[in-house]
Amino acid sequence: MAGIKALISLSFGGAIGLMFLMLGCALPIYNQYWPLFVLFFYVLSPIPYCIARRLVDDTDAMSNACKELAIFLTTGIVVSAFGLPVVFARAHLIEWGACALVLTGNTVIFATILGFFLVFGSNDDFSWQQW
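Residues numbered from 1 in each chain as written. Predicted model: local features only at pLDDT ≥ 70, side-chain atom pairs only at ≥ 80, totals over all residues. Heavy atoms only, no water.

In the nomenclature of an unreviewed UniProt entry, the chain is known as Leptin receptor overlapping transcript-like 1 of Mesocricetus auratus. UniProt, in its Subcellular location (unreviewed entry) section for the chain, records the words "Membrane". In its Function (unreviewed entry) section, the UniProt entry covering the chain states "Negatively regulates growth hormone (GH) receptor cell surface expression in liver. May play a role in liver resistance to GH during periods of reduced nutrient availability." (UniProt positions renumbered as here; feature names shortened; annotations may be inferred.)

Pasting the structure below:
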């Protein structure tokens, strides 16, 4: 039952994050849809780590270069997702209020993605791989 509660809370967090993103785009005072480009970063961020987990054997306790590269690439994607709305606001493509809403949505969405990997990432009997 704990897995169902975690799944429901993660989906609630994702919905709240997407709501902040949509508010930053669709409110009548902002009315610019440029911030929707951060959706690409939401999709791309877990991919390097998922590939590294499939390729690397988890039995050794030492750090692995493949996992370190995956974490580095994921960090670059997350930083880019936070930087893109700021660049849009500095270029006057979006307003600063929309930038703040998108950054809030980014924080919630990436916390949800991190929570997903913390809850379902272990290789015990309740894993995300069964979904």
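This is not the end of the story, as more comes after the structure.
Draft legend 1. The arrangement of the nonpolar core in detail. Core analysis: the largest hydrophobic core is formed by 17 residues, its most contacted members being L21, V38, F41, Y42, L84 and I94. Here the element with the most residues in this core is helix α5 (residues 96-120); it accounts for six residues. Other than its neighbours up to four places away in sequence, L84 contacts F37, V38 and F41. (Core = buried A, V, L, I, M, F, W, Y, C linked by side-chain atoms within 4.5 Å. Buried < 20%, exposed > 50% of the residue type's maximum accessible area, 1.4 Å probe, protein only. Helix = DSSP H or I, 4+ residues; strand = E, 2+ residues; numbered from the N terminus. Contact = heavy atoms within 4.5 Å.)

Draft legend 2. Spatial organisation of a nonpolar patch on the surface. A surface patch of nonpolar side chains, about 880 Å² in accessible area, is lined by W34, F37, F40, V43, L44, I47, I51, L55 and L93. Of all the secondary structure elements, the ones that give two or more residues to the nonpolar patch are α2 (38-44) and α3 (47-55). Note that W34 resides in the loop between α1 (2-26) and α2. (Patch = residues over 30% accessible without salt bridge, like charges linked within 9 Å, V, L, I, M, F, W, Y side chains within 5 Å. Areas by Shrake-Rupley, 256 points an atom, 1.4 Å probe, with all protein chains shown as cover. Salt bridge = Lys/Arg side-chain N within 4 Å of Asp/Glu carboxyl O.)

Draft legend 3. Broad picture of the packing of α3 against helix α4 (residues 65-90). Remark: α3 packs on α4, axes separated minimally by 8 Å, with the N-to-C direction vectors making an angle of 170°. Taken together, the axes of α3 and α4 lie roughly antiparallel to each other. Here P48, Y49 and A52 of α3 lie close against α4, whose contacting residues are C66, K67, A70, I71, L73, T74 and I77. Here the residues of the contact of α3 with α4 sort into eight nonpolar, one polar and one charged. (Axes fitted to C-alpha atoms, helices over the stretch in contact; angles between N-to-C directions. Parallel < 35°, antiparallel > 145°, perpendicular 65-115°, else oblique. Nonpolar A, V, L, I, M, F, W, Y, C, P; charged D, E, K, R; others polar.)

Draft legend 4. Structural detail: α4. Along its 26 residues, α4 runs 37 Å from first to last C-alpha, staying within 8% of the 38 Å computed at 1.5 Å per residue. In α4, a bend of some 25° at G83 exceeds every other bend along the element, and P85, a proline, comes one to four places later. Among the residues of α4, K67, A70, T74, I77, A81, L84, P85, F88 and A89 are the ones counted as buried. Elements in contact with the buried residues of α4: α2, α3 and α5. H92 lies just past α4 and shows a positive phi near 60°. (Expected span 1.5 Å × (residues − 1). Bend = angle between axes of the 7 residues up to and from the residue.)

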